[in-house]
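# Examination of the molecular architecture
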Amino acid sequence: MSGSFDEEAISEGMSTPFHGTPVSLGDPILQWSDLTYEVKTKAGKPTEWKTIMSKGTGVACTGETIAIIGSSGAGKTTLLNALSGRTEGGRLSGSILYHGAKRHPGSFKRTTAYVQQDDLMHPLLTVHETLTYAAKLRLPNSQYSEQEKQERVQSVMRHLRLNGAKDTPIGDAKTRGVSGGERKRVSVGMELLTSPRLLFLDEPTSGLDSNSSQLVVELVKGISKDRGIATLVTIHQPSARIFNLFDKVILLSQGRVVYFGPVSESIQYFAKIGHQCPVHENPADYFVNIMTLDYRSDATLAESKKQIAALADTFARHVAEPNASLAEKQSLVRSYGEQDTSQVVVKNGWLYEYATLANRDWTNTLRNIPFIIGQIVQAIFMGVLIGFMYFYLKDDSLSVMNRMGVLFIITVMTTFPVVMPMMSLYVDERDIMVRERASATFRISSFYVSKATIFLPIALVSNTIMFVGIYFIAHLAFDVAKFFIALAIFYGVIMVSIAFTLMIGSAVETMEMGAMIAPAVLTIQLLFGGLLSNPSTITPVLRWICWVNPVFHTFAALAQNELGGLTFTCPPGTQCYATGEQVLMSYSLMRFNVWQSVLFMIMLGAVNYAIGYVFLRWKAKPKYLWL
Ligand SMILES: Nc1ncnc2c1ncn2[C@@H]1O[C@H](COP(=O)(O)OP(=O)(O)OP(=O)(O)O)[C@@H](O)[C@H]1O
């Protein structure tokens, strides 16, 4: 099923309907009527509802590009969200039919596309890589070979004129990348890879200069026409040239439709009802002006409200006329009952998804030079600093405090320094994933496991450097078995830290929340970690915190491994520890043996991973109202 857009325009976009009924350009694809959306204005009882959108009615046909225009707060996004199935909260009523049938959430998502206003993409990937990974994840292997996916990417880049920026990174506020217009075209391109039948674009021209805006709309219109896609675009006061590019326009004010019909007939329609657009004025500006509330005084506000109500009522009467084109179109759409989902494409295999996501994560991580350098420099610096702070520990009793100190600080280094930078990366990527998942791109589990496995090598490499530095400079137990046991304990706690990162990172709404919660929990772990307070002296009500604490188990296991079998010299005339076991007893670190502590950490890591996964599923689960 490969080929360029042009071939598919004929073979796929227009002749592969859901119900076996031939669809050609101009056929109704999405029909909505009496769409009303209300939100609660008051908590508690009695509940008061405010109407945001009232009795919206319309139809989108194949190959049409429809603009949704209105002043700020007119209800454009509300309408687009309702039609694309992305309304959250409130009360939505009315009817929406897709291919003449009630929509099925899964198949609707997979055969339609939504380009958000703020495009979230991986900033370090190039345009070509971004589209390639999207093609790998979104196109089913059962229908596309890798070469065909690549051909699809090339086709999208050619049609959206992205070849010039092919190898430029996407970029973001911190890293320079493609221009705003190119970025928007990449977002559109990602959605077009799957040959959607309906395309929703939320403010695609915001923040763009007039030339870039025009190019985006021109290209979208061309592709929609070629491929028989119905495209709905919200747009703030477009220029006259852009306005005339659209086939149809929905003019909204105060949540009501003031006009819906061909752009070419809009001036005539308004002239007929007494609002003649001056010859040299941009019609879009004129229409928005006459349907915007005028807040200059109470009198002008009342007057403009009256005018908007009159415009909406007039249009409602116009639609009800038997010869209105909108009514004609709607009568063509019959309800077929529940939408047939048999032809909806299933996802790719788990392993393929995982391999693609891990490859993308790895490419992203290796390009994040400041992060990698930061991790390595920090590891070397801390390894040397801590190592020399505890330089060449002797076997006298004075070294006991230092030995306990260095083992505790090794444990501490696997908490904050591992968790905080990784959480920041994770939360960013999680948000991108939630967007990607809105079009049913891949499984949450493949994303989650990919993250867990990609973080591990980065954390292990930098922390091993630090660990080895501290171990040998401070001259901890010079014994091969003890060294490798200490390293294994250390790796165990790093795994727990990554699991903890994923758990908190999945649970919190924003990184700011993560930056409050994670340090608080880690600080509690340090307090109950076995060095700052003796577990046997802690009140039994709180003592259990030690037993479920990875810091305590790591510290206790490292201490048992290091001090077990050690004897200390004692200056004459002083009282001091004679053996390592005495130290361990007095610090109350012998409750569990080394392997019990390691086993506990493995269990704790597994629990953290599992809770993180549940949180992530919950976060990625759409909470949309559905009609
Ligand atoms: N959940 C909500 N609670 C209260 N008011 C809401 C809610 N959602 C939307 N509104 C209000 O409904 C109106 C329409 O909002 P909407 O975002 O659809 O407007 P818009 O035309 O897209 O505006 P803009 O162009 O500024 O984005 C606005 O006045 C908005 O404040």
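So, here's what we can say about the structure. The structure displayed is predicted, hence computed values, not measured ones. (Residues numbered from 1 in each chain as written. Predicted model: local features only at pLDDT ≥ 70, side-chain atom pairs only at ≥ 80, totals over all residues. Heavy atoms only, no water.)

### Considering the nonpolar core
- Counting residues in hydrophobic clusters, the biggest one holds 90 residues, and the most contacted among them are Leu-30, Trp-32, Leu-35, Leu-131, Leu-232 and Ile-250.
- Per-element tally for this core: the top contributor is helix 7 (residues 210-227), with 6 residues.
- Contact partners of Leu-232, with chain neighbours within four places excluded, come to Leu-30, Trp-32, Ala-60, Ile-66, Ile-68, Leu-80, Leu-83, Leu-198, Leu-199, Phe-200, Leu-201 and Ile-250.
- If you look at the next biggest cluster of nonpolar residues, it comprises 73 residues, including Ile-386, Tyr-390, Ile-458 and Phe-467. (Core = buried A, V, L, I, M, F, W, Y, C linked by side-chain atoms within 4.5 Å. Buried < 20%, exposed > 50% of the residue type's maximum accessible area, 1.4 Å probe, protein only. Helix = DSSP H or I, 4+ residues; strand = E, 2+ residues; numbered from the N terminus. Contact = heavy atoms within 4.5 Å.)

### Examining the pattern of salt bridges
- In total, this model carries 20 salt bridges according to the counting rule given.
- A salt bridge links Asp-247 to Lys-225; its shortest N-O distance comes to 3.1 Å. One end of the pair, Asp-247, is in the loop between helix 8 (240-245) and strand 10 (248-253); the other, Lys-225, is in helix 7, with 22 residues separating them in the sequence.
- For Lys-225, a relative accessible area of 34% translates into the label partly exposed. (Salt bridge = Lys/Arg side-chain N within 4 Å of Asp/Glu carboxyl O.)

### Structural notes on the site of the ligand
- Lining the immediate environment of the ligand, one finds Val-39, Ile-52, Ser-71, Ser-72, Gly-73, Ala-74, Gly-75, Lys-76, Thr-77, Thr-78, Glu-203 and His-236.
- In the environment of the ligand, an oxygen atom lies 2.8 Å from a nitrogen or oxygen atom belonging to the side chain of Lys-76.
- Within the contact set of the ligand, an oxygen atom lies 3.1 Å away from a side-chain nitrogen or oxygen of His-236.
- Starting from 630 Å² of accessible surface for the ligand in isolation, the protein chains cover 58%.
- Taken together, the residues of the shell around the ligand break down into 3 nonpolar, 7 polar and 2 charged. (Near = heavy atom within 4 Å. Polar contact = N/O pair within 3.5 Å; in protein donor to acceptor, adjacent residues only side chain to side chain. Areas by Shrake-Rupley, 256 points an atom, 1.4 Å probe, with all protein chains shown as cover. Nonpolar A, V, L, I, M, F, W, Y, C, P; charged D, E, K, R; others polar.)

### A word on the packing of helix 17 (residues 444-473) against helix 18 (residues 480-507)
- One can describe the packing of helix 17 onto helix 18 by two numbers: an axis separation of 9 Å at closest approach and a directional angle of 140 degrees. Comparing their axes, helix 18 and helix 17 come out oblique. As for how helix 17 packs across helix 18, the hand of that crossing is right-handed.
- Split into classes, the residues belonging to the contact of helix 17 with helix 18 amount to 20 nonpolar, 3 polar and 2 charged. (Axes fitted to C-alpha atoms, helices over the stretch in contact; angles between N-to-C directions. Parallel < 35°, antiparallel > 145°, perpendicular 65-115°, else oblique. Left-handed = near helix turned anticlockwise from the far one by under 90°.)

### A look at the pairing of strand 9 (residues 230-235)
- Within strand 9, 6 of the 6 residues are buried, which leaves the element mostly enclosed by the surrounding structure.
- Burial along strand 9 is two-sided: Ala-230, Leu-232 and Thr-234 facing one way and Thr-231, Val-233 and Ile-235 facing the other are all buried.
- Pairing analysis gives 5 bridges linking strand 8 (residues 198-202) to strand 9, with the strands arranged parallel. Residue pairing in the sheet places Leu-199 in a bridge with Thr-231 of strand 9.
- With respect to chirality, the unit in which strand 8 leads through helix 7 into the neighbouring parallel strand 9 is right-handed. (Pairing = 2+ DSSP bridges. Right-handed = clockwise from strand over helix to strand, strands pointing away.)

### Considerations on unusual backbone geometry
- Positive phi is not limited to glycine here, since His-99 has a value of about 50 degrees.
- With respect to the secondary-structure elements, His-99 resides in the loop between strand 5 (91-98) and strand 6 (101-102).
- Its relative accessible area of 9% is what places His-99 among the buried residues.
- The backbone phi angle of His-475 is positive, close to 60 degrees, even though this residue is not glycine.
- By secondary structure assignment, the location of His-475 is in the loop between helix 17 and helix 18.

### Some remarks on a positive patch on the surface
- A contiguous patch of positive charge on the surface is contributed by Lys-347, Arg-617, Lys-621 and Lys-623.
- Along the chain, Lys-623 turns up in the loop between helix 23 (594-620) and strand 12 (624-625).
- Of the residues examined, Lys-623 reaches a relative accessible area of 45% and is grouped as partly exposed. (Patch = residues over 30% accessible without salt bridge, like charges linked within 9 Å, V, L, I, M, F, W, Y side chains within 5 Å. Lys, Arg positive; Asp, Glu negative; His and termini not counted. Charge placed at Lys NZ, Arg CZ, Asp CG, Glu CD.)

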